[in-house]
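# Results of the structural survey
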Amino acid sequence: GDIVLLAKPVTLTEGDRVTLTTDVPVATDGTSKPEKLLYAVSLPPVHGQIEHINYPGVPISSYSQLDVVAQKVSYVHDKSHGAGKESLR
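Residues numbered from 1 in each chain as written. Predicted model: local features only at pLDDT ≥ 70, side-chain atom pairs only at ≥ 80, totals over all residues. Heavy atoms only, no water.

Labelled according to an unreviewed UniProt entry, the protein chain appears under the name FREM1 protein, originating from Oreotrochilus melanogaster.

## Re the overall build of the protein chain
Across its full length, the protein chain holds one helix and seven strands. Each helix and strand of the protein chain, placed in order from N terminus to C terminus, yields the pattern β-β-β-β-β-β-α-β. Summarising the internal contacts of the protein chain: among those between residues at least 6 apart in sequence, 60% fall at separations of at least 24. Accessible surface computed for the protein chain: about 6,100 Å², of which carbon and sulfur atoms make up 55%. (Helix = DSSP H or I, 4+ residues; strand = E, 2+ residues; numbered from the N terminus. Contact = heavy atoms within 4.5 Å. Areas by Shrake-Rupley, 256 points an atom, 1.4 Å probe, with all protein chains shown as cover.)

## Section: the pairing of strand β5 (residues 48-52)
Of all five residues that make up β5, four are buried, and the element is covered over most of its length. Bridge analysis of β5 against strand β7 (residues 73-77) gives five bridges, and the strand direction is antiparallel. Each residue of the ladder has a partner; that of E51, found in β7, is S74. (Buried < 20%, exposed > 50% of the residue type's maximum accessible area, 1.4 Å probe, protein only. Pairing = 2+ DSSP bridges.)

## Here we look at the sheet that holds β7
Pairing is antiparallel in the open sheet, where three strands are placed in the order β2-β7-β5. In this open sheet, the two edge strands, each paired with only one partner strand, are β2 (17-19) and β5. Direction aside, neighbouring strands of the sheet carry axes that sit 20° apart on average. (Axes fitted to C-alpha atoms, helices over the stretch in contact; angles between N-to-C directions.)

## Regarding the packing of aromatic side chains
Counted under the stated rule, the structure contains one aromatic pair. Each ring, one from Y39 and one from Y63, has its centre 4.9 Å from the other, and the planes form 15°; the classification is stacked. On the criterion of sequence distance, the pair formed by Y39 in strand β4 (residues 38-40) and Y63 in strand β6 (residues 62-64) is long-range, its members being 24 residues apart. (Phe/Tyr/Trp six-rings, centres within 6.5 Å; stacked < 30°, edge-to-face > 60°.)

## Concerning unusual backbone geometry
One non-glycine residue, Q71, lies in positive phi territory at about 55°. Assignment of secondary structure puts Q71 in the loop between α1 (65-69) and β7. Residue Q71 is classed as partly exposed on the basis of its relative accessible area, which comes to 44%.

## What to know about the environment of S64
By the secondary structure assignment, S64 is in strand β6. Linking S64 and E35, residues 29 residues apart in sequence, is a C-alpha distance of 7.3 Å. Filtering out sequence-adjacent residues up to four positions away, S64 remains in contact with L37, L38 and Y39. Within the structure, the side chain of S64 is placed 3.3 Å from the backbone nitrogen of L66, a separation counted as a polar contact. (Polar contact = N/O pair within 3.5 Å; in protein donor to acceptor, adjacent residues only side chain to side chain.)

This is how it looks when you write it as structure tokens:
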């Protein structure tokens, strides 16, 4: 049962987009099926949103490890001024 999530910081400027890859969030739960892991966005980003690349402009609240591996999920900064550090939860 333990779940391990490793994340690396990403620097963006206003209006930028970053595709989530296994270099940014990578998770494991000790099973042999990491592709079945699901991420839930419990606290949406303040200065942007998480989107599926096939549906730009539409925020999502969950995605799978397969989506991350396929590079189908991105964080989009909303161009708000004065945005400081932000983390995804």
